[in-house]
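# Understanding the architecture of this molecule
Now for the letters of each chain:
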Amino acid sequence: MVSDDFRPLRGIRVVEMTHMIMGPSCGQVLAYLGADVIKVEPPAGDKTRHLTGMGRGFFPSFNRGKRSITLDLKSEAGTSALDQLLATADVFVENFRDQSLAKMGFAPSALRGKYPNLIIASCKGFLHGPYQDRTAMDEVVQMMTGMAYMTGPTGRPLRIGSSANDIMGGVFGALAVLGALLERQESGEGRTIRIGLFENCLMLVMQHMVQFDLDGHEPAPMPEREFSWPVYDIFDTRDNRQIFVGAVTEGHWQILCKAISLEHLLEDNRLQTKMDQIEARNWTLPLFAEAIGKRDFPELIETFEASGIPFSPINRPADMYQDPHVLRPGGLHLSHDAGGQVFRAPGLPIEVDGGIPHPVSLDVADVGDDTDTVLSELGLSPSEISAASGAADRNST
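The sections below set out a description of the structure shown in this document.

Definitions and limits used
Residues numbered from 1 in each chain as written. Predicted model: local features only at pLDDT ≥ 70, side-chain atom pairs only at ≥ 80, totals over all residues. Heavy atoms only, no water. Helix = DSSP H or I, 4+ residues; strand = E, 2+ residues; numbered from the N terminus. Buried < 20%, exposed > 50% of the residue type's maximum accessible area, 1.4 Å probe, protein only. Contact = heavy atoms within 4.5 Å. Lys, Arg positive; Asp, Glu negative; His and termini not counted. Charge placed at Lys NZ, Arg CZ, Asp CG, Glu CD. Patch = residues over 30% accessible without salt bridge, like charges linked within 9 Å, V, L, I, M, F, W, Y side chains within 5 Å. Areas by Shrake-Rupley, 256 points an atom, 1.4 Å probe, with all protein chains shown as cover. Salt bridge = Lys/Arg side-chain N within 4 Å of Asp/Glu carboxyl O. Core = buried A, V, L, I, M, F, W, Y, C linked by side-chain atoms within 4.5 Å. Phe/Tyr/Trp six-rings, centres within 6.5 Å; stacked < 30°, edge-to-face > 60°. Pairing = 2+ DSSP bridges. Axes fitted to C-alpha atoms, helices over the stretch in contact; angles between N-to-C directions. Disulfide = S-S within 2.5 Å.

## Focus: the overall build of the protein
For the protein, the count of helices and strands is 17 helices and 13 strands. Referenced to the eigenvectors of the C-alpha coordinate spread, the extents of the protein come out at roughly 85 × 45 × 45 Å. Counting all 397 residues of the protein, 45% fall into the buried class. Within the protein, residue pairs in contact and separated by at least 24 positions form 71% of the contacts whose partners lie at least 6 positions apart. In the protein, which carries 35 positive and 52 negative side-chain charges, the distance between the mean positions of the two groups comes to 3 Å.

## Overview of a nonpolar patch on the surface
Where nonpolar side chains cluster on the molecular surface, the patch consists of Phe172, Leu175, Leu202, Met203, Met206, Met209, Val210 and Leu214 and spans about 740 Å² of accessible area. Of all the elements in the fold, those that place two or more residues in the nonpolar patch are helix 8 (164-187), helix 9 (197-204) and helix 10 (206-215). Per-element accounting of the nonpolar patch gives the leading share, 4 residues, to helix 10. Structurally, Val210 can be placed in helix 10. For Val210, a relative accessible area of 39% puts it in the partly exposed group.

## Some points on the nonpolar core
If you look at the biggest cluster of nonpolar residues, it comprises 33 residues, and the most contacted ones within it are Val14, Leu30, Val91 and Val93. Put simply, the parts of the chain that give this core at least two residues each are helix 1 (22-32), strand 5 (91-94), strand 6 (119-124), helix 8, strand 7 (192-196) and helix 9. Ranked by residue count, the leading element in this core is helix 1, at 6 residues. Formed by 25 residues, the second largest nonpolar core is a distinct cluster that contains Leu101, Phe106, Leu118 and Leu378.

## Things to note about the pattern of salt bridges
According to the stated counting rule, one finds 20 salt bridges in the structure shown. Salt-bridge contacts for Arg238 lead to Asp296; the nearest nitrogen and oxygen are separated by 3.1 Å. Here Arg238 is found in the loop between strand 8 (231-236) and strand 9 (242-247), whereas its partner Asp296 is found in the loop between helix 13 (281-292) and helix 14 (297-307), with 58 residues between them in sequence. Between Arg295 and Glu299 there is a salt bridge, with its nearest N and O atoms 3.6 Å apart. Judged by its relative accessible area of 37%, Glu299 falls in the partly exposed class. Through salt bridges with shared partners, a single network forms among Arg13, Asp36, Arg67 and Glu377.

## Quick notes on the packing of aromatic side chains
Considering all chains together, one arrives at 7 aromatic pairs under this definition. Judged by centre distance (4.6 Å) and plane angle (35°), the ring pair of Trp229 and Tyr232 falls under tilted. A residue is classified by how much of its surface remains accessible, and Trp229, at 29% relative accessible area, is partly exposed. Between Tyr232 and Phe244, the aromatic rings sit 5.0 Å apart at their centres with planes inclined by 85°, giving edge-to-face as the arrangement. With Tyr232 in strand 8 and Phe244 in strand 9, this residue pair connects regions lying 12 residues apart in the sequence.

## Let's talk about the sheet that holds strand 8
Here we have 3 strands laid out as an open sheet, ordered 8-9-10, and antiparallel in their pairing. Single-partner strands in this sheet number two, and they are strand 8 and strand 10 (311-313). The sheet shows a mean angle of 15° between the axes of neighbouring strands, taken without regard to direction. Sheet topology places strand 8 next to strand 9; 6 bridges connect them, and they run antiparallel. Residue pairing in the sheet places Tyr232 in a bridge with Gly246 of strand 9. Sheet contacts for helix 13: strand 8 and strand 9; angle to strand 8, the most-contacted strand, approximately 40°.

## Here's the deal with the state of the cysteines
Evaluation of the coordinates by the stated rule reveals 0 disulfides. As a non-bridged cysteine, Cys26 has Cys123 as the owner of its nearest cysteine sulfur, 4.8 Å distant. By relative accessible area, which is 0% here, Cys26 ends up buried. The cysteine Cys201 is free of any disulfide, with Cys123 supplying the nearest cysteine sulfur at 16 Å.

This is the structure we're talking about:
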């Protein structure tokens, strides 16, 4: 079920001046919650729009439901228009380098002086400190924090298979904005918020840091980790499929052994405690692999589903378009990209009163689609709009 009425940020105006993923993710969440998100792009459009290969999905994924205007911030007319737009805004989301923003006259300290009730969310590589001016990307901070070390086998650090840090950093930014909006209802004052991509990744490896700090034991990379469960592995089925199976409790162990005809393990004196079962993995796992390898994938799925055993097929992202849970009502939202092509993407991973939040629109605006509308609302004339948006320069060349 889709919920069309959960728009707690209705009436909130967000001006977003970002690119790539972290900043747009922040704006995306706010748009899903009902905010009017106005994306400010350079006259030629956000360069992220034109990425190919692994970057093809970046722009349409994280810029749905926003309005787009173009401003030439190298011109006085463009910076003046942005100033006027920010005067009408509740939130400003940006991910420029500190020096670049200051050079344009839009440093957070300057904006807070002009607009004390404005909430500024700066999506950066690092919080203030020794690294604050470094260039950061998702892969960079994964290497820096140990995330890549924990993901790949020893000697082969490996980034995780999505832009999870960028996305989660944007979500933390949106969370901080929500807190600042609540506070402003009482104080009438805005806040200057800085969100760090590095610090976000640091939180993702926190459990490994704390393990070392508490017991002095440095955890091995996940492919070589010390297991805390008797079965937590990937197996091959008879029909050449792969399946992940877990037995993490005493009950799971008994159910799994019975489900795949390994009841004799339940009577084995060497396997009577959970620790016994974990320490015996070197000789029990081949038995589980052999037993699972004698069964077809559909049979195992049916058995494990009914018994409550943790399991999963080994899927690819494209497989999600055939997954029955993903295809349930509200599981995927339809959007149109700037060229009119239809695509399907997930929404926020929440339900509200049993419904999936759905904004008024989840289409992707073309470059500058809303420039005339937004700037005319500010009182700019057609010639002023042309100068501010860079259209005058484009028309003269």
